[in-house]
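Remarks on the overall topology
So the chains spell out like this:
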Amino acid sequence: MKRDWIATARTLSEALPYLQRYDGACVVVKFGGHAMGDDEAMTRFARDIVLMKQCNVHPVVVHGGGPQIQQMLKRLAIESTFVDGLRVTDQATVEVVEMVLAGRINKAIVSAINAQGGKAVGLSGKDANLMICEKALKTRRDPDSNIEQALDLGFVGHPVKVNPDVLRTFIQSDLIPVIAPVGAGRNGETFNVNGDTAAGAIAGALKAERLLLLTDVAGVKNAAGEVLTDMTPADVEELTEAGVISGGMIPKTRTALDAIAQGVGAVVILDGRAPHACLLELFTAHGAGTLIRAG
């Protein structure tokens, strides 16, 4: 038993330089994937966020909720249509999206953080005009004619302006903002925004020290299937061109490059299912996942 306490004390002591490094820093954390649907993982995540705030690191949580949206649409017998794997968000669907993201999921995360002694406040991108969006434009090439066609995805938005003042107010206090990726259009429309995209835009506006993208994989892998621990934008472009970075990892790495271009210190893509992934990344020499920084 004595050895266990000594090991704990040693761990705390070894964390000192990292605590000093991130003292007063803003860290945007995108919470999503299967970890969000697991009660035990949610509790661990909430505890880690509270610990970060207690250590004078200022977390800003942005969350997703695709599986929960799909469940609610099914319960309400609202059919989803997809174009090239992208959900078409019509008026009925966007109402469900806002209800699930800004309501059920947002308040579940807020409650989990508060249960661990934190002071979380739930927001969406519509609050205080935090995230102004325009309709996301997507195209695809017709396989027969080879002509690019515009895709109408409905109320799927892309952030064009982020107003971080309200978040800075929280950062300067003991409150922890938890943000649902629902944005406002210039004409009052409601837009569904990809969670990673929203997190990247918010991190860029805040010039955050770190953006942590929690996902269901260990990180970015090379052609041999090994997780890469450190990358530059040039590395990302090279592996994307070679087809090594593909599928769902492309939008995550693209978000990382956009955030770095906007002044974010570095972006880490890491496995949110791993216990205490955020703490491992910030406060230990081991780190977690793939760190992408300016070359």
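In short, a report on the structure. (Residues numbered from 1 in each chain as written. Predicted model: local features only at pLDDT ≥ 70, side-chain atom pairs only at ≥ 80, totals over all residues. Heavy atoms only, no water.)

Packing of helix α7 (residues 195-206) against helix α9 (residues 249-261) brings their axes to within 9 Å, and their N-to-C directions diverge by 10°. In this view, α7 runs roughly parallel relative to α9, as classed from their interaxial angle. Every residue of α9 that contacts α7 at D196, T197 and G200 is listed here: K252, T255 and A259. Across the contact of α7 with α9, the residue classes tally to one nonpolar, three polar and two charged. (Axes fitted to C-alpha atoms, helices over the stretch in contact; angles between N-to-C directions. Helix = DSSP H or I, 4+ residues; strand = E, 2+ residues; numbered from the N terminus. Parallel < 35°, antiparallel > 145°, perpendicular 65-115°, else oblique. Contact = heavy atoms within 4.5 Å. Nonpolar A, V, L, I, M, F, W, Y, C, P; charged D, E, K, R; others polar.)

This paragraph deals with the packing of helix α3 (residues 39-54) against helix α5 (residues 91-115). Where α3 contacts α5, the two axes come as close as 8 Å, and the packing angle between them is 60°. Between α3 and α5, the angle is such that the two are oblique. The two elements α3 and α5 meet at a crossing, and its hand is right-handed. Contacts from M42, A46, I49 and V50 in α3 reach I109, A112 and I113 in α5. When the residues that make up the contact of α3 with α5 are grouped by side-chain class, the tally is seven nonpolar, no polar and no charged. (Left-handed = near helix turned anticlockwise from the far one by under 90°.)

Before going further, it helps to spend a moment on the pattern of salt bridges. By the definition in use, this model includes 12 salt bridges. Between D196 and K252 there is a salt bridge, with its nearest N and O atoms 2.6 Å apart. In this pair, D196 is assigned in helix α7 and K252 in helix α9, connecting sequence segments 56 residues apart. As far as the burial class goes, D196 and K252 line up, both buried. Between D271 and R273 there is a salt bridge whose closest N-O contact spans 3.0 Å. (Salt bridge = Lys/Arg side-chain N within 4 Å of Asp/Glu carboxyl O. Buried < 20%, exposed > 50% of the residue type's maximum accessible area, 1.4 Å probe, protein only.)

Under the definition given, this model contains two aromatic pairs. An angle of 5° between the planes, with centres 3.8 Å apart, marks the rings of F31 and F45 as stacked. One end of the pair, F31, is in strand β1 (residues 26-31); the other, F45, is in helix α3, and 14 residues separate them in sequence. There is no split in this pair, since F31 and F45 are both buried. Judged by centre distance (6.2 Å) and plane angle (50°), the ring pair of F155 and F191 falls under tilted. Within this pair, whereas F155 is found in the loop between β8 (148-151) and β9 (157-162), its partner F191 is found in strand β12 (residues 190-192), the two being separated by 36 residues in sequence. Look at F191 and you get buried, because its relative accessible area is 5%. (Phe/Tyr/Trp six-rings, centres within 6.5 Å; stacked < 30°, edge-to-face > 60°.)

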